[in-house]
Amino acid sequence: MSKAARTKQFIIEKTAPIFNTKGYAGTSINDLIFATGLTKGSIYGNFDNKDEVALAAFDYNFMRVNLYIKSQMETQSSVIGKLLVYPQTYRNFLQLPFLAAGCPITNTSTEADDTHPQLRSKASAAF
């Protein structure tokens with residue numbers, strides 16, 4: 001992985017929890033700077049704008065939820081056990097650091113419904 005790709009991934013990983021907690025509108029560039037320790041120029045050198053960071057952060061959050069659920073399903077031998085992974089995950093979501101602020105899909109869909117068509121589209125596809 002190139003240095004640029006590593007930096008971009010670093011920005012995504014550090015800002016994804018902030019977007020999930022504060023939402024798109026509530027997350028400022030200063031929040032991104034604080035979370036990453038990078039300058040505004042470094043962030044915008046890797047992303048054209050805040051929209052691109054938010055979209056990449058949503059994808060990252062969604063991927064983490066999917067990977068977790070799939071890994072839990074793999075531990076189950078029955079179909080019913082596999083299906084019960086969903087309610088068990090969300091019943092215990094406070095125990096999972098990446099879900100502490102709530103489901104990133106639901107959080108994004110709630111906020112982006114009337115405000116951000118691209119995020120709304122991603123959230124709809126995720127559901």
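Residues numbered from 1 in each chain as written. Predicted model: local features only at pLDDT ≥ 70, side-chain atom pairs only at ≥ 80, totals over all residues. Heavy atoms only, no water.

### Some remarks on the overall build of the protein
Okay, step 1: A count of helices and strands for the protein gives seven helices and zero strands.
Okay, step 2: In the protein, the succession of helices and strands from N to C terminus is α-α-α-α-α-α-α.
Okay, step 3: Projecting the C-alpha coordinates of the protein onto the three principal axes gives extents of approximately 50 × 35 × 25 Å.
Okay, step 4: Expressed as a percentage of its 127 residues, the buried residues of the protein come to 35%.
Okay, step 5: Restricting to contacts in the protein with at least 6 residues of sequence separation, those with at least 24 account for 57%.
Okay, step 6: When the accessible surface of the protein is summed, it comes to about 7,600 Å², and 56% of that surface belongs to carbon and sulfur atoms.
Okay, step 7: Distance from the positive charge centre (13 side chains) to the negative charge centre (10 side chains) of the protein: 7 Å. (Helix = DSSP H or I, 4+ residues; strand = E, 2+ residues; numbered from the N terminus. Buried < 20%, exposed > 50% of the residue type's maximum accessible area, 1.4 Å probe, protein only. Contact = heavy atoms within 4.5 Å. Areas by Shrake-Rupley, 256 points an atom, 1.4 Å probe, with all protein chains shown as cover. Lys, Arg positive; Asp, Glu negative; His and termini not counted. Charge placed at Lys NZ, Arg CZ, Asp CG, Glu CD.)

### Some remarks on the environment of Lys8
Okay, step 1: Along the chain, Lys8 turns up in helix α1 (residues 3-26).
Okay, step 2: Judged by its relative accessible area of 34%, Lys8 falls in the partly exposed class.
Okay, step 3: Not counting residues up to four positions away in its chain, the partners in contact with Lys8 are Asn46 and Phe47.

None of this, on its own, says anything about what the molecule does.
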